[in-house]
Amino acid sequence: MDLSYSPEEIAFRDEVRAFLDEKLPKDLAEKIRRGGHPDKAEQEQWHAILNVRGWLAPNWPREFGGAEWNAVQRHIFEEECAFASAPRIVPFGLSMLAPVLMKFGSKEQCGHYLPRILDGTDWWCQGYSEPGAGSDLASLKTRAVREGDHYIVNGQKTWTTLGQYADWIFCLVRTDPNVKQQEGISFLLIDMNTPGVEVRPIILLDGTHEVNEVWFTDVKVPVENLVGEENKGWTYAKYLLTHERTNIAGVGFSEAGLASVKRMARAEMSGGKPLAVNPHFAARVAKVEIDLMAMATTNLRIISKAAVGQAPGVEASMLKVKGTIIRQEINDLARRAAGPYAMPFASELVEGDNDPIGPDYAGPVAAKYFNNRKLSIFGGSNEIQRGIIAKVKMGG
Amino acid sequence: MNFDLTEERQMLQDSLRRFLKDRYTTDTRNRIIDSDTGMSDEIWTALAELGVIGALFAEEQGGFGGAGFDISTVFEELGRAGVVEPFLDTAILGGGLIAALGDDAQKQMVEEVIGGGLHLAFAHGEPTSRYDLSRVETSAKSDGDGIVLNGRKAVVVNAEAAGRIIVSARESGDAGDEAGISLFLVPAGTDGMTLRGYPLMSGGRAAEVTLDEVRLPGSARLGAAGAAFPAIAAQVAAANVALAAEAMGAMETAVELTREYLMTRKQFGRPIGTFQALAHRYSDLLIEMEQARSAVINAAGHFADPARERDRHIASARNLIGRVGRLVAEESIQMHGGIAMTQEYELAHIAKRIVMTDHRLGDTDYHLERFIDLSAA
């Protein structure tokens, strides 16, 4: 048993740190630190910086231009990025679609799409959920009917994250309505500029526009945009979901968030003393920190196994549940710490150059608390994860 | 023992509930929240005519209520409908302080408030006072016949709409002393008073209020010099009854929306409420809602007790409502899924009202500490 990083891993961490220190634009990091959302240009700028260094696609093999890091390296990178307030890497093209193309796509598809994902030519979004198909994803109804060398697509996707920026969408569509649900689904790549594709914004409860509805009305999609075989899309989707779960525990986010709560608690005054020494608040912080210390080690245990090729199964579901509970608890602590100054609805102040209303850390905390309720809902809700754990462990 | 509302309160509850159900829809409210003033004059006037404001004042103050259960009845319904109009600020805090401390001339304003023609705000909290009611650093200095105010007030709800802002300021003693605090009626637009307004997360508006050499006549003082604290504590107690009841009403809506959704939303071929994992969690919410209702009844029922006993019950209610409120808001969202995260769905606003209650006049921990202090022999 050895709980510490190897000398090579420490050298890697120092390399990442030095890179972030030098290359992460200071104004962008400041914006993220203050709870802002990077706009499209800022996001693309950060992707380009990483791409120059060869670090944009940590999980890709080198032959496709990836870094081919192991799980420990990826964890170190994600943790350092969280601490440095780097924008997150938009995952849809890089860590969701790309692995599917590499595994199931044609040579032509890999040769065409993968370089365009790396160099930022194409922004991808994900067309999975539908209004009637959330947790029960296999019941999806968006229909693709083959007509000659095209599919004609009709239907509606929802919760499409950053679909307003996207050039392309990868979709699960129903190609055979007459078989068992899972066996009539195909995986289709659709150009968002095709006539009949319409993106409608969904405004979330914190006033942000990050998700959308995507409507398809008689959209003509060339058959060469089918990935793999027709009606095998569910298999590809499940493969994709295992890749969606990298960094699922969000340990870096939680550690950075907890450090920020502690800074707030030292600055806030309660009854003439710093909030940090208030026994009730201190106990709340301590409990979360204790949970986080244990989860960080659970995460590393699972990552160590993954680094030697043992793919995580239910452990990923466990990390998702625990990881999101801890992150949400930290968001709740930040909200509490800000006191009355959590009340202003300050999205424009966070985004712009205006002076904050109260202390600068207070502006985004309530919005973040509400926005991050999504963590336990998306990517397979925590209820779905618990179902998976029980099913696997009880052999159902 | 009788836990029924009186006939008058029952009528008020019925008419208020009916009016808000018809007139205060999600769409209407979202338009109000997005408007420049963050409130609707039309709704304000109509609710004043229904007697909503009058019910918050005692007969000798010109109203027809003013007891703990009048406050809880009105605010439960306001909470149920997610009303953002500032009844707490204009009536309970502003109007209540004038009614408690004002001279005959000042008390004329209470009549205007009850009629719906005057808005008020209570500028008390300061940038570092958090929830501590006695931590007042804004200063009031005598200057000949007049008074000069200097200081800064934080998150003053309804300040921009208020015809008068009631400003607390220290005439003697140190920050943290209860003695030495006075209240002053400052007309909107007074020289030296500047407002920086902004919208609030849960709807409505507030402002940072800066007082820079604000000169007032001596007649602007409410009550005796340096002796305002007991009245502040009493009106804050009333406001805490109102906030607890408002959150409870909002929680009822959240739980009811969740019930409807669990029964109608189908996944895997059946209503999701038929999954035991969700059914049990819904049952837990109902169990906690009974606790919340009783906590509000305790607070309202002990509102006329001596201050210490009153405040102990109010602290207990705010602590319990804070805990249950968070559970109800978070579980309601979680059991809905993504739909509850969207601005156009009723639960989004309701959940924000519930959670953000925890940032007004003390959060769950503050009220726990108050309860411990007030329970000590």
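Residues numbered from 1 in each chain as written. Chains lettered and ligands numbered in written order. Predicted model: local features only at pLDDT ≥ 70, side-chain atom pairs only at ≥ 80, totals over all residues. Heavy atoms only, no water.

It is worth spelling out the domain arrangement of chain A at this point. Frequently, the measure chosen for interface size is the accessible area that the parts lose on association. All names here are of chain A. Examined at the domain level, chain A breaks down into domain 1 (7-89), domain 2 (123-231) and domain 3 (248-393). Surface buried jointly by domain 2 and domain 3 totals about 510 Å² across both partners, of which 55% is contributed by carbon and sulfur atoms. Three residues stand out in domain 2 for area buried against domain 3, namely Ser135, Leu205 and Asp206, and they jointly supply 73% of the buried area on that side. On the surface where domain 2 and domain 3 come into contact, there are one salt bridge. Glu210 is the partner of Lys374 in a salt bridge, and the nearest nitrogen-oxygen pair spans 2.6 Å. Across the domain 2-domain 3 interface, the total number found is three residue pairs in polar contact (both at pLDDT 80 or more). (Domains from an automatic or database assignment. Buried area = accessible area lost by both parts, 1.4 Å probe. Salt bridge = Lys/Arg side-chain N within 4 Å of Asp/Glu carboxyl O. Polar contact = N/O pair within 3.5 Å; in protein donor to acceptor, adjacent residues only side chain to side chain.)

One side chain can pair with another of opposite charge once the charged atoms of both are near each other. Residue and element names in this part refer to chain A. Overall, the coordinates contain 47 salt bridges over all chains when judged by the stated rule. Across the pair Arg116 and Asp122 runs a salt bridge, and its minimum N-O distance is 2.7 Å. Residue classification places Arg116 among the partly exposed residues on the basis of a relative accessible area of 28%. Glu289 serves as the salt-bridge partner of Lys262, at 2.8 Å between the closest nitrogen and oxygen. (Buried < 20%, exposed > 50% of the residue type's maximum accessible area, 1.4 Å probe, protein only.)

It is worth spelling out the packing of aromatic side chains at this point. All names here are of chain A. Per the stated rule, a full pass over the model turns up 20 aromatic pairs over all chains. On the numbers, 5.0 Å between centres and 80° between planes, the contact of Phe12 with Trp69 is edge-to-face. Within this pair, whereas Phe12 is found in helix α1 (residues 7-23), its partner Trp69 is found in the loop between α3 (40-53) and α4 (71-83), the two being separated by 57 residues in sequence. As far as the burial class goes, Phe12 and Trp69 line up, both buried. Arranged with centres 6.4 Å apart and planes meeting at 40°, the rings of Trp124 and Phe170 form a pair that is tilted. With Trp124 in strand β1 (residues 124-127) and Phe170 in strand β4 (residues 168-174), this residue pair connects regions lying 46 residues apart in the sequence. The class of Trp124 is buried, set by a relative accessible area of 2%. (Phe/Tyr/Trp six-rings, centres within 6.5 Å; stacked < 30°, edge-to-face > 60°. Helix = DSSP H or I, 4+ residues; strand = E, 2+ residues; numbered from the N terminus.)

Attention now goes to the domain arrangement of chain B. All names here are of chain B. Domain boundaries in chain B define domain 1 (7-119), domain 2 (121-226) and domain 3 (230-375). Here the C-alpha centre of domain 3 lies 21 Å away from the C-alpha centre of domain 1. Listed as interface residues are 25 residues of domain 1 and, on the opposing side, 30 residues of domain 3. Note on domain 1 versus domain 3: buried area summed over both sides is about 2100 Å², and carbon and sulfur give 64% of it. Among the residues of domain 1 in contact with domain 3, Glu76, Arg80 and Leu88 are the three that bury the most area, contributing 22% of the side total. Linking domain 1 with domain 3 are four salt bridges. Close ionic contact of Arg360 with Asp89 constitutes a salt bridge, the shortest N to O distance being 2.9 Å. Linking domain 1 to domain 3 there are eleven residue pairs in polar contact (both at pLDDT 80 or more). Those elements that place two or more of their residues in the side of domain 1 that touches domain 3 are α2 (26-34), α4 (68-80) and α5 (87-101). Of the residues forming the side of domain 1 that touches domain 3, the biggest block, eight residues, is contributed by α4. (Contact = heavy atoms within 4.5 Å.)

Turning to helix α2 (residues 26-33) of chain A, a few remarks are in order. Since one α-helical turn is 3.6 residues long, residues separated by three or four positions face the same way. All names here are of chain A. For α2, the complete set of buried residues consists of Leu28, Ala29, Lys31 and Ile32. Down the axis of α2, the buried set is contained in an arc of 160°. They therefore lie on one face. Structural note: α2 exposes Lys26 and Asp27 on the side pointing more than 90 degrees away from its buried face. (Arc of directions from axis to C-beta.)

UniProt marks residues 125-218 of chain A with the feature "domain: Acyl-CoA oxidase/dehydrogenase middle" (unreviewed entry), using the numbering shown here. Note that residues 125-218 of chain A is 0% helix and 47% strand, and that its end C-alpha atoms are spaced 20 Å apart. (UniProt positions renumbered as here; feature names shortened; annotations may be inferred.)

Take Gly144(B): it is sitting in the loop between β2 (139-143) and β3 (146-157). Distance in space between the C-alpha atoms of Gly144(B) and Thr190(B) is 19 Å, their sequence separation being 46 residues.

All names here are of chain A. Its 14 residues place the ends of helix α5 (residues 91-104) 19 Å apart at the C-alpha level, agreeing with the 20 Å of an ideal helix rising 1.5 Å per residue. Judged by how many residues are buried, α5 sits mostly within the fold: eleven of 14 residues are covered. For α5, the full list of buried residues reads Pro91, Phe92, Gly93, Leu94, Ser95, Met96, Leu97, Ala98, Pro99, Val100 and Leu101. (Expected span 1.5 Å × (residues − 1).)

Here Arg360(B) is to be found in the loop between α10 (346-356) and α11 (364-375). Classification of Arg360(B) by relative accessible area gives buried; the value is 15%. In this view, Arg360(B) contacts Met343(A), Leu88(B), Asp89(B), Leu93(B), Val157(B), Leu243(B) and Arg318(B); residues no more than four positions away in its chain are not counted.

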